[in-house]
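Per-entry structural report
Each chain is listed here by its residues.
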Amino acid sequence: MKNKLGSEQIAKFLEAGWMMRLLVAALALYFILAVLMGIYWDNEPEPFVVTNVAAEHAKLHNRELSEGYTISVALMTVAETLLDKSGGYISNDVFPPGLWLDNISNWEFGVLVQVRDLSRAMRKDFSRSQSQSAEDIDLAISEPQFHFDNSSWGLPDTEGEYRRAIEKLNNYTLRLNDESNGGAKFYARADNLRQWLKDVETRLGSLSQRLSASVEQTRLFKKAGKENDAPVETTDWMKIDDIFYETRGTTWALIHFLKAIEVDFADVLNQKNAAESMAQIIDELEATQAGVWTPVILNGEGFGFTANHSLIMVSYIAQANAAIIDLRTLLSQG
């Protein structure tokens, strides 16, 4: 009897050992696959040519490239890229490898902020003739959908809500200047463009400040005739790469939007002698998309041995922002 019990215990032990080995092997395989997938997913998507994408969309739906068409398609395509790029949308992932990829998730957030800002401008300004006019029925749904929680993985999920926003934006695009289909409108006016550029200016200014705060510095404040040293709040070194990639996403989206603005607001820009300023802004922002050739974002000081990626990014952002201020001034002139 004892021998029989002993044999059963040994058999159970061996069986448990094989199960444990199998579990360890499965976890190891999952880890390896997650690492390989993470390397593949952790890449920013390539830019697209907004005029080509708009022309293809118009041809597919048998529409004309009227004012507003290019910027609407650019907004849709940027949002679709956010969802359909390598690895899909990962900001709401709760398992590896998406859970590990904080750089690309911060890039996604930078893109999303610009999508939200432009969709609000489309609803509030670009599609309305004046402040008392009715808002477009599709944009009234699309804009708040883009403001849905960017990290929801349950029901409703983030991707589903954003796809609904894209669908409504597409409906608006197809109705542009088509009186038989609801007759959506787009008003390419200088005051509308100035308002959106003001939002862009504010966003870039905030990013510049956060990037600059990656360096220890002290400023002198004069108060009541006295000079007091006041330390400036700095960005934690663990957050430097987060802000850097958020900025990369912001500028990636803005490049496409501004190139679409060049098309839909061409008459306004030419009338205000502002086309050159717009081109300068795009040039500065395109410089922010240069390849990063180090595995980590460096935060060197002064003329030290290592670079400071944050301050290099700030130099381009600051010049673009200065050009935006000049552009808004030109647009305000009669």
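Higher on the page you've got the structure.
All of the points below concern the structure found in this document. (Residues numbered from 1 in each chain as written. Predicted model: local features only at pLDDT ≥ 70, side-chain atom pairs only at ≥ 80, totals over all residues. Heavy atoms only, no water.)

Notes on the pattern of salt bridges
Inspection of the entire model under this criterion finds 16 salt bridges. Residue Glu108 is joined to Lys85 by a salt bridge in which the shortest nitrogen-to-oxygen separation is 2.6 Å. In this pair, Glu108 is assigned in helix α4 (residues 102-126) and Lys85 in the loop between α3 (69-84) and α4, connecting sequence segments 23 residues apart. Per residue, the accessibility class of Glu108 equals that of Lys85, and both read buried. With its nearest N and O atoms 3.6 Å apart, the salt bridge here joins Glu201 to Arg328. Here Arg328 lies in helix α11 (residues 309-332) and Glu201 lies in helix α7 (residues 190-212), a separation of 127 residues in the sequence. There is no split in this pair, since Glu201 and Arg328 are both buried. Where salt bridges share partners, they join Asp117, Arg120, Asp199 and Arg203 into one cluster. (Salt bridge = Lys/Arg side-chain N within 4 Å of Asp/Glu carboxyl O. Helix = DSSP H or I, 4+ residues; strand = E, 2+ residues; numbered from the N terminus. Buried < 20%, exposed > 50% of the residue type's maximum accessible area, 1.4 Å probe, protein only.)

Considerations on the packing of α4 against helix α8 (residues 240-264)
Running from N to C, α4 and α8 cross one another at 40°; their axes reach a closest spacing of 7 Å. In terms of orientation, α4 and α8 fall into the oblique class. Considering only the axes of α4 and α8, their crossing is right-handed. Between α4 and α8, the contacting residues are Asp102, Asn103, Asn106, Trp107, Phe109, Gly110, Val111, Gln114, Val115 and Leu118 on the first element and Asp241, Asp242, Tyr245, Glu246, Arg248, Gly249, Thr250, Trp252, Ala253, Leu254 and Phe257 on the second. The residue makeup of the contact of α4 with α8, split by class, is ten nonpolar, six polar and five charged. (Axes fitted to C-alpha atoms, helices over the stretch in contact; angles between N-to-C directions. Parallel < 35°, antiparallel > 145°, perpendicular 65-115°, else oblique. Left-handed = near helix turned anticlockwise from the far one by under 90°. Contact = heavy atoms within 4.5 Å. Nonpolar A, V, L, I, M, F, W, Y, C, P; charged D, E, K, R; others polar.)

Some details on α3
Residues lying three or four places apart along an α-helix face the same way, a consequence of the helix completing one turn every 3.6 residues. Along its 16 residues, α3 runs 22 Å from first to last C-alpha, staying within 8% of the 22 Å computed at 1.5 Å per residue. In terms of burial, α3 is a largely internal element, 14 of the 16 residues being buried. (Expected span 1.5 Å × (residues − 1).)

Quick notes on α7
In this model α7 runs 32 Å from its N-terminal to its C-terminal C-alpha over 23 residues, within 8% of the 33 Å that 1.5 Å per residue would give. By the burial criterion, the buried members of α7 are Ala190, Asn192, Leu193, Trp196, Leu197, Val200, Glu201, Leu204, Leu207, Ser208, Leu211 and Ser212. Those residues of α7 hidden inside the fold are in contact with α4, α8, α9 (266-271) and α11.

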